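Structure at a glance
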Amino acid sequence: MTSLFTPIRLGALDLPHRVVMAPMTRNRSPGGAPNALNAEYYAQRASAGLIITEGTTPDPSGHGYIDIPGLYDARTQEGWRGVAKAVKARGGHIFVQLMHAGRISHPDFLNGEAPVAPSAVQAPGEIFTHEGPKPHGMPRALEAQEIEALVGSFGRAATLAVEAGIDGVEVHGANGYLPAQFLAPNVNRREDEWGGTIEKRARFLLAATDAAIAAVGGDRVGVRLSPGVTFNDIQDPEAEATHAHVIAELAKRPIAYLHVVDARPGWDVAGQVRRLFPGTLILNGGYDRARAEADLAAGKAEMISFGAPFIANPDLPARLREGAALNQPDKSTFYGGDARGYTDYPALAA
Ligand SMILES: Cc1cc2nc3c(=O)[nH]c(=O)nc-3n(C[C@H](O)[C@H](O)[C@H](O)COP(=O)(O)O)c2cc1C
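Reading the values: the criteria
- Residues numbered from 1 in each chain as written.
- Predicted model: local features only at pLDDT ≥ 70, side-chain atom pairs only at ≥ 80, totals over all residues.
- Heavy atoms only, no water.
- Helix = DSSP H or I, 4+ residues; strand = E, 2+ residues; numbered from the N terminus.
- Rg over C-alpha atoms; globule rule 2.2 N^0.38 Å.
- Buried < 20%, exposed > 50% of the residue type's maximum accessible area, 1.4 Å probe, protein only.
- Contact = heavy atoms within 4.5 Å.
- Areas by Shrake-Rupley, 256 points an atom, 1.4 Å probe, with all protein chains shown as cover.
- Lys, Arg positive; Asp, Glu negative; His and termini not counted.
- Charge placed at Lys NZ, Arg CZ, Asp CG, Glu CD.
- Phe/Tyr/Trp six-rings, centres within 6.5 Å; stacked < 30°, edge-to-face > 60°.
- Lys NZ or Arg CZ within 6 Å of the ring centre and 35° of its normal.
- Near = heavy atom within 4 Å.
- Polar contact = N/O pair within 3.5 Å; in protein donor to acceptor, adjacent residues only side chain to side chain.
- Core = buried A, V, L, I, M, F, W, Y, C linked by side-chain atoms within 4.5 Å.
- UniProt positions renumbered as here; feature names shortened; annotations may be inferred.
- Pairing = 2+ DSSP bridges.
- Axes fitted to C-alpha atoms, helices over the stretch in contact; angles between N-to-C directions.
- Right-handed = clockwise from strand over helix to strand, strands pointing away.
- Salt bridge = Lys/Arg side-chain N within 4 Å of Asp/Glu carboxyl O.
- Left-handed = near helix turned anticlockwise from the far one by under 90°.
- Nonpolar A, V, L, I, M, F, W, Y, C, P; charged D, E, K, R; others polar.

This paragraph deals with the overall build of the chain. Within the chain, the secondary structure is distributed over 11 helices and 14 strands. On C-alpha atoms alone, the chain measures out to a radius of gyration of 19 Å, which is about the 20 Å that the 2.2 N^0.38 rule sets for 350 residues. Considered along the principal axes of its C-alpha atoms, the chain spans approximately 55 × 45 × 35 Å. Here the chain holds 350 residues, and 59% of them are scored as buried. The contacts of the chain with a sequence gap of at least 6 include a subset with a gap of at least 24, amounting to 69%. On the chain, roughly 13,300 Å² of surface is accessible, and the fraction owed to carbon and sulfur atoms is 53%. Positive and negative side-chain charges of the chain, numbering 33 and 39 respectively, have mean locations separated by a distance of 4 Å.

Take the packing of aromatic side chains next. Scanning the entire structure with this criterion turns up 10 aromatic pairs. A ring pair is formed by Tyr-41 and Tyr-42, whose centres lie 4.8 Å apart and whose planes are at 65 degrees; its orientation type is edge-to-face. Judged by its relative accessible area of 1%, Tyr-42 is buried. Relative to Phe-204, the ring of Phe-154 has its centre 6.1 Å away and its plane inclined at 85 degrees; by these criteria the two rings are edge-to-face. With Phe-154 in helix α3 (residues 144-163) and Phe-204 in helix α6 (residues 203-216), this pair connects stretches of sequence that are 50 residues apart. Taking relative accessible area as the criterion, Phe-154 reaches 0% and is therefore assigned buried. Given the relative accessible area of 0%, Phe-204 is considered buried. One aromatic cluster is present, built from ring pairs that chain together Tyr-41, Tyr-42, Trp-80 and Tyr-342. One Lys or Arg, Arg-203, reaches over the ring of Trp-194 and ends 3.9 Å from the middle of that ring. Taking NZ or CZ as reference, Arg-291 lies 3.7 Å from the ring centre of Tyr-287, over its face.

To continue, consider the site of the ligand. Taken together, the neighbourhood of the ligand is formed by 19 residues, with Pro-23, Thr-25, Arg-224, Asn-284 and Gly-286 sitting nearest. At 2.7 Å from an oxygen atom of the ligand is found a main-chain nitrogen or oxygen belonging to Gly-286. Protein chains shield 83% of the accessible area of the ligand, which is 600 Å² for the free molecule. In terms of residue count, helix α10 (residues 308-312) provides more of the shell around the ligand than any other element does, three residues in total.

Attention now goes to the nonpolar core. In terms of nonpolar packing, the biggest core is built from 77 residues, with Tyr-42, Phe-204, Leu-250, Leu-258, Ile-304 and Phe-306 touching the most fellow members. Looking at this core element by element, the count peaks at nine residues for α6. Apart from residues no more than four positions distant in its own chain, Leu-250 is found in contact with Leu-206, Thr-209, Val-223, Leu-225, Ile-255, Leu-258 and Phe-277. Judged by nonpolar contacts, the second largest core, of 12 residues, contains Leu-10, Leu-13, Leu-15 and Ile-52.

All right, on to the UniProt feature "domain: NADH:flavin oxidoreductase/NADH oxidase N-terminal" (unreviewed entry) in the chain then. Sites flagged by UniProt as "domain: NADH:flavin oxidoreductase/NADH oxidase N-terminal" (unreviewed entry) map to residues 3-326. Secondary structure content for residues 3-326 is 34% helix and 17% strand, while the C-alpha to C-alpha distance between its ends is 20 Å.

Bringing the sheet that holds strand β14 (residues 303-306) into the picture now. Here eight strands make up a closed barrel; going around it, the order is β3-β4-β5-β10-β11-β12-β13-β14 and the pairing parallel. Looking at each pair of strands side by side, their axes are set apart by 25 degrees on average, direction ignored.

Looking now at the pairing of strand β5 (residues 94-98). Among the five residues that make up β5, five are buried, leaving the element largely enclosed by the rest of the structure. Of the two faces of β5, the one carrying Ile-94, Val-96 and Leu-98 and the one carrying Phe-95 and Gln-97 are both buried. For the handedness criterion, the β-α-β arrangement of strand β4 (residues 50-56), helix α2 (residues 74-89) and β5 is classed as right-handed. Sheet topology places β5 next to strand β10 (residues 168-172); four bridges connect them, and they run parallel. The residue of β10 that forms the bridge with Gln-97 is Glu-170.

Turning our attention to the pairing of β4. Summarising burial for β4: seven of the seven residues are buried, a large majority. Judged from the two bridges that link them, strand β3 (residues 19-21) and β4 form a sheet pairing that is parallel. Looking at the pairing, Val-20 lines up with Leu-50 of β4. Where β4 meets β5, four bridges bridge the pair, whose relative direction is parallel. For Thr-56, the partnering residue across the bridge sits in β5 and is Leu-98.

Turning to the pattern of salt bridges, a few remarks are in order. This model, assessed by the stated rule, comprises 19 salt bridges. The salt bridge partner of Glu-193 is Lys-200, with a shortest N-O separation of 3.8 Å. Judged by relative accessible area, which is 46%, Glu-193 ranks as partly exposed. Taken together, the salt bridges that share partners define one network made up of Asp-210, Glu-249, Lys-252 and Arg-253.

Attention now goes to the packing of helix α7 (residues 239-251) against helix α8 (residues 269-276). One way to put it is that α7 packs onto α8 with a least axis distance of 9 Å and a crossing angle of 35 degrees. Pair α7 / α8 crosses with right-handed handedness. Contacts from Glu-240, Ala-244, Ile-247 and Ala-251 of α7 reach α8 at Gln-272, Val-273 and Leu-276. The class makeup of the residues in the contact of α7 with α8 is five nonpolar, one polar and one charged.

Structure representation (structure tokens):
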């Protein structure tokens, strides 16, 4: 019977077990290039079967929060090279999550320019800037030509990642960032080839995925979705049908995995995805060891990702395997700061 500690082949990688580190923004890359502290953080977590990094923008227009990294030029690539080297030195495997924030941003992060989005629809609520909370920026609608260029940025970032020694990329289609903004009719009010029907709303996510596949091969590309999740003001009355289309389309592509945030109450998201996607499925959302083992044994997924538990437990796989107690994460240090709450959580004594 499959357990969390059954090895698995993922794309071209042989992984020792199925405990994945979920992508988590930590806001500790001032200037947008990963630094030595970031490399140390990921190296500490290299015993994950696979690390999926924090959201990383493939284009300067995609910086959505304070001090998040990018991957779009030699400088940012050099930062990721340092991370890859540190993780590889500990025998780990790592994909960079490509996250374009779209309208979930502010001119303060974009050299004073407006955030970009499928349509000029401002996100409600506030975003935390260097000067404190401010309303989300009023976005401007992307020109069709700019959309093509942004699709291409996912391919270019994938190439930069692999050249830097990173194992692959995850296209972030979840949680209300740019690809999810295209999927959602309340944010995407376009009437051209990029909006309107489900097929047209799904086009950006699928094209970005195809660009990454063309650049580095499907073995090195994963996709993350959050069907039905309304975070960042995503409203899609047809969410189930929208995601059924996206997942069926992804199932035709040679991707390494599909990563699903299972967080929609009252909807059997995992079951729906499993019926539509025969490839490697990673499930996420509030897992502990018992639930992870039960879902793997039931064939609901092939791997399970853990978010917050990995922040506080650099050696989470060993702790899960041994049934050891877990350190509790300190939420006050999740987003930004220094080594405190980042690289100072203790591993089990050797
Ligand atoms: C501090 C923090 C930052 C996060 N940043 C991201 C991100 O950059 N990209 C993403 O897809 N999800 C992000 N998430 C969501 C996690 O990947 C995951 O879906 C969520 O924490 C639920 O999993 P868990 O219950 O195991 O923590 C973040 C979560 C946390 C706690």
